[in-house]
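Examining the three-dimensional arrangement
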Amino acid sequence: MAVFSILSVKHPAIVVTEGASGTNAAFEVSMMATGPVPFPQIIVRDGGREHLFTGDQIKRGGDFVYSASVPAGLLGPGHYTIQAEGCAKADLSAAGAEDWVKSLSGIEVVAESSTVEIKSSPLPAQKNGVKIYFGIHKHMHQPYYRAADTQFWDDEKTSIFDQRAGPYSSFIPAAIKQYMEGGLPSAGLSTSWSGSLIEQLNRCEREGLCYGHYKNWKNELRELAAAKTSLGNPRIDFTAFGFFHPLMALIPARNIQRQLADHRAIIRETFGVEASPVLFPPETAFHTRMIPALKGAGVEAVIYDSIHRSRACKNYPYGGPPEGMLPPNAAEQENPEVRDWLQLQGVWSASKISPSLLRPEYIRYEDPDGNIQTIIGVPAERYLGNEDARGGFGALQYPTVFSQLYENIVQNKSFDPKHPPFFLLHSDGDNYGGGSDGYYRSNTGGMVKWLQQDPRFELMTIRDYLQQFPPDPKHSVHVEPGSWSGADNGDPQFAKWFSRYRDPYSPDLNSWAVLTALQNAIHTLEDANAKAPGLDAARRLMLTAETSCYWYWTGQDIWDAQVTEAANKALQLIRGELASVLQAGRTKTGPTIFPPWTLPENPGGKTWVSGGLRDADRNGLLHTFIHDVSGIKSARVMLRTEGKEQAISLTDCGVYPSRTNPVAAAHLFTCALPVGLGDVRYFIEAEDANGNRSRSALERIFLA
């Protein structure tokens, strides 16, 4: 396991070519580590080639600084990746790929003539007053690696946390300082920190874990949290978030609100500021049914992945299997058609994007009673965020790619000065190139220099944009469910957390069944005003068990059992009080209904086969989990189409057949959906043995 981490990697952001050679001038790359680095190396990645500096080519300085001189004449104009690394094992022959500690950053080699041109003439001026605003979001999270034992710690955790000492302490402040020193009035970033991460960082500081590298870890963040934009908003905006990183689209409304409230408390305590009214949902996973719970918790705006706004338009130009998702369900495509579709060049882009859709708008949700609630949606651009995650200027060439958006807006005359374009570059802040020292320092320096010269673009915080350009509350749109591309490409049924759901047994479905049963037990005691001594501890176990990571690594026994282990421990703590409430007939809580899913996903549309798509069966089968500690008396689905409503009873298939030995698990309910109903809205009703009733959110599906 690693006994060091890389604190910083320094090199120029831009190198100018020399004279007639047209190749780079010499420059130096230095790496600072927290301790001695066995086998330090510097690699300059040139397309498919590597320029390796190792052995005697590495100079060793004080304070564990290792540097290499990159000679002149090695690189032509272009964009390169710098990889600084060292092996964690002194015996190189015994080392595997996982033993190398790496940091990635980007460097740009610019032709001398082009540099002179930039200095004498700024980048293209604004056309017709068109300007594009964008923001940056960085996500920070670590789960508890044992849901039922949050005190668990081992060498692997030491390595994981120690390698991220920079992102979790000084990297964000380093970027903010460059924004301020560069004179960017509204520049800042939003960042989401899970409560489970903060608690573990505090433990590292308190107990001296990770070689003491987390001593005073929060000091710079607290200091810069007070920095303000020219409009008086935070330059570091700690967004609202779920404390334990839950997939909010798949947990009950009251648990969404509890996760948000607990998170607000730890942000206030840790950083000395209030959490933002803007939410970054874990995994950027959003469903409109979340809106009532979010609004009830004081959330005013939610970040979502932009492709789900695009796919909700009529005549969306589906990108085919490379898009990674099935064609949109027709019931989701209720927004008007747009015609400014653009195929981005120079980045991975599996589908076209619409620049005119890249702006905050109100998103709406209608409940079963016809009540409509709206919330501001802030788009995070899928493909640009994905490229930025690989290392900023080392991957995403901001001027070149952003100019494509700009020219599209100019040509299509889609610019609205009251609601100009705004989107986020969203990514993990502690992984891959987007979590490296180079991203926050040299990449940020290059970005600041670019923005100082290019009036077409401005880096702006979400709250500055919303204050200056508030969206029209009279205009609302629909957004398809889904997450960001890093999770099965953001599938609308959240397939990353439903792995193997077509199989006879799915570890993911097993965990949802177990969690649904636990949620009902906890909620029953809460609603009965029970005073069980173990209720607080059991409630925390429930919230911990909602950590989305426990579904992410499907197929690994230790992760597949996490939810069951937490649920069993929680139910053991409350079983006596729960029995007393049941015996006294004091239950007031209706059945807990898990959000439904269907097979095939789009009946009569398309479904996956090996290597592509095929026509899907028109006969759809709806599934859900339902649980009540008193037992289920009845369950049905209510279908609405063309002003008519019909009820179909759900079939109780019994307790989901678990392989993790849970104390309790929910029943699986199914029903066959009618063929040919077209655009359908539906919800589920269930009643327990004591007459308590529940109703799900209003869902939608197209039945061909």
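Procedures and definitions
- Residue positions are counted from 1 within each chain, in the order its sequence is given.
- Per-residue local features of the predicted model are confined to residues with pLDDT of at least 70, and side-chain atom pairs are confined, for both listing and counting, to 80 or more; whole-chain, interface and lining totals are unaffected and use all residues.
- Hydrogens and waters are ignored; side-chain quantities use all the structure's heavy atoms.
- Helical segments are the DSSP runs of H or I of at least four residues, strand segments are the runs of E of at least two, and each set is numbered from the N terminus.
- Accessibility here uses a 1.4 Å probe with only protein chains present; expressed as a share of the type maximum, an area under 20% marks a residue as buried, one over 50% as exposed, and anything in between as partly exposed.
- Note on contacts: a residue pair qualifies if any of its non-hydrogen atoms lie within 4.5 Å across the two residues.
- To be clear on the numbers: accessible area is Shrake-Rupley with a 1.4 Å probe, and residue cover counts the displayed protein chains and nothing else.
- The convention is simple: Lys and Arg are positive, Asp and Glu are negative, and His and the chain ends are not counted.
- Lysine's charge is taken at NZ, arginine's at CZ, aspartate's at CG and glutamate's at CD.
- One bridge is not enough; two strands pair if DSSP finds at least two bridges between them.
- Axes, fitted as lines to C-alpha atoms, cover a helix only where it is in contact. Angles between the N-to-C directions of the axes lie from 0 to 180 degrees.
- Whenever a carboxyl oxygen of Asp or Glu lies within 4 Å of a side-chain nitrogen of Lys or Arg, that contact is scored as a salt bridge.
- An angle below 35 degrees is treated as roughly parallel, one above 145 as roughly antiparallel, one from 65 to 115 as roughly perpendicular, and anything else as oblique.
- Classification convention: Asp, Glu, Lys, Arg as charged; Ala, Val, Leu, Ile, Met, Phe, Trp, Tyr, Cys, Pro as nonpolar; all other residues, Gly among them, as polar.
- For a helix, the expected span equals 1.5 Å multiplied by the residue count minus one.
- The term nonpolar core refers to a set of buried residues drawn from Ala, Val, Leu, Ile, Met, Phe, Trp, Tyr and Cys, joined through side-chain atoms within 4.5 Å.
- By disulfide we mean two sulfur atoms from cysteines, separated by a distance within 2.5 Å.
- Planes of paired rings set the category: under 30 degrees apart is stacked, over 60 is edge-to-face and the rest tilted, where pairs are Phe, Tyr or Trp rings (Trp by its six-membered ring) whose centres lie within 6.5 Å.
- The criterion is that NZ of a Lys, or CZ of an Arg, lies within 6 Å of the ring centre and within 35 degrees of the ring normal, and then a charge sits over that ring.
- N or O atoms within 3.5 Å of each other form a polar contact, as long as, within protein, one can give a hydrogen and the other can take it, and as long as residues adjacent in sequence are counted only when both atoms are side-chain atoms.
- For every residue, the predictor reports its confidence as pLDDT, a number between 0 and 100.

Let's talk about the overall build of the protein
If you tally the helices and strands in the protein, you get 17 helices and 32 strands. The principal-axis extents of the C-alpha atoms in the protein amount to approximately 85 × 60 × 50 Å. In the protein, which comprises 704 residues, the proportion classed as buried is 61%. Look at the contacts in the protein between residues 6 or more apart in sequence, and 74% of them connect residues 24 or more apart. Entry remark: accessible area of the protein is about 26600 Å², with carbon and sulfur atoms responsible for 49%. Within the protein, the 77 negative side-chain charges are centred at a point lying 4 Å from the centre of the 66 positive side-chain charges.

Examining the sheet that holds strand 4 (residues 27-33)
Ordered by their spatial adjacency, 4 strands build an open sheet running 1-4-8-7, and the pairing between neighbours is antiparallel. Two strands in the sheet have a free side with no partner beyond their single neighbour: strand 1 (6-10) and strand 7 (59-61). Neighbouring strand axes in the sheet, compared pairwise and without regard to direction, differ in orientation by 20° on average. Where strand 4 and strand 8 (residues 65-70) come together, 6 bridges link them in antiparallel fashion. For V29, the partnering residue across the bridge sits in strand 8 and is A68.

Examining the pattern of salt bridges
Under the criterion given, the structure shown has 36 salt bridges. Note that E361 is salt-bridged to R309, the shortest N-O span being 2.9 Å. Residue E361 is found in strand 16 (residues 361-366), and its partner R309 is found in helix 8 (residues 307-310); the two are separated by 52 residues along the sequence. Residue class for E361 comes out buried when judged on its relative accessible area of 5%. The salt bridge partner of R693 is E687, with a shortest N-O separation of 3.6 Å.

Digging into the environment of I14
Checked against the element boundaries, I14 lands in strand 2 (residues 14-18). For the pair formed by I14 and A616, sequence separation is 602 residues and the distance between their alpha carbons is 52 Å. Each residue touching I14, except ones within four places of it in the same chain, is listed here: E108 and V110.

As for the packing of helix 6 (residues 253-271) against helix 13 (residues 507-527)
Where helix 6 meets helix 13, the axes come as close as 11 Å, and the angle between the chain directions of the two elements is 80°. Our classification of the angle between helix 6 and helix 13 gives roughly perpendicular. Counted together, R254, N255 and R258 of helix 6 and Q519, H523, E526 and D527 of helix 13 form the full contact between these two elements. Class assignment for the residues of the contact of helix 6 with helix 13 results in no nonpolar, 3 polar and 4 charged.

Brief notes about helix 13
If you check helix 13, its first and last C-alpha atoms are 30 Å apart, about what 21 residues at 1.5 Å a residue would give, namely 30 Å. Of all 21 residues making up helix 13, 20 are buried, and the element is well covered by its neighbours. Immediately beyond the C-terminal end of helix 13, within one or two residues, lies N529, with a positive phi of roughly 55°.

What to know about the nonpolar core
In globular proteins that are soluble, nonpolar side chains generally tend to be buried together. Core analysis: the biggest nonpolar cluster contains 148 residues, and F134, Y179, W193, L294, F402 and F625 have the highest contact counts within it. The leading source of residues in this core is helix 13, at 9 residues. Counting residues in each nonpolar core, the second largest holds 24 residues, with V9, V37, L75 and A84 among its members.

Section: the state of the cysteines
Scanning all chains against the criterion turns up 0 disulfides. C204 takes part in no disulfide bond, and the closest cysteine sulfur to it belongs to C210, at a distance of 4.0 Å.

Side note on the packing of aromatic side chains
Any aromatic ring pair is given by two values, namely how distant the centres are and how the planes are angled relative to each other. As enumerated under the stated definition, the model contains 42 aromatic pairs in all. Their ring planes at 65° and their centres at 5.8 Å tell us that Y406 and F457 sit as a pair that is edge-to-face. One end of the pair, Y406, is in helix 10 (residues 398-412); the other, F457, is in strand 19 (residues 457-459), and 51 residues separate them in sequence. For the pair Y406 and F457, one class covers both residues: buried. For the ring pair W512 and W551, a centre distance of 4.0 Å and an interplane angle of 20° mean the geometry is stacked. Of this pair, W512 sits in helix 13 while W551 sits in helix 15 (residues 549-552), and the two are 39 residues apart along the sequence. One exposure class covers both W512 and W551, and it is buried. In textbook terms, an aromatic cluster arises when at least three aromatic residues are bridged by ring pairs, as seen for F498, Y501, Y505, W512, W551, F594, W597, F625 and Y656. For the cation-ring pair, R456 lies above Y406, with the distance from its terminal atom to the ring centre recorded as 5.3 Å.

Remarks on the side chain of H478
Mapping H478 onto the fold places it in the loop between strand 20 (476-477) and helix 13. A polar contact of 2.5 Å, which involves the side chain of H478, links it to the side chain of E332. Not counting the four nearest positions on each side in its chain, H478 is found in contact with T288, R309, A312, E332, E334, N335, R364 and R700.

Points about the confidence of the model for the protein
Scored by pLDDT, the protein has a mean of 93; 96% of the residues are at 70 or more. Predicted confidence is poor over residues 113-122, with pLDDT under 50, and the contacts of this stretch with residues over four places away or in other chains come to 4 contacts.

Quick word on helix 4 (residues 195-207)
The end-to-end C-alpha distance of helix 4, which contains 13 residues, comes to 18 Å, matching closely the 18 Å that a straight helix rising 1.5 Å per residue would cover. Of the positions making up helix 4, those classed as buried are G195, S196, L197, I198, Q200, L201, R203 and C204. Each element contacted by the buried residues of helix 4 is listed here: strand 11 (132-140), helix 2 (155-162), strand 12 (189-193) and helix 6. At the exit of helix 4 stands G208, carrying a positive phi of roughly 70°.

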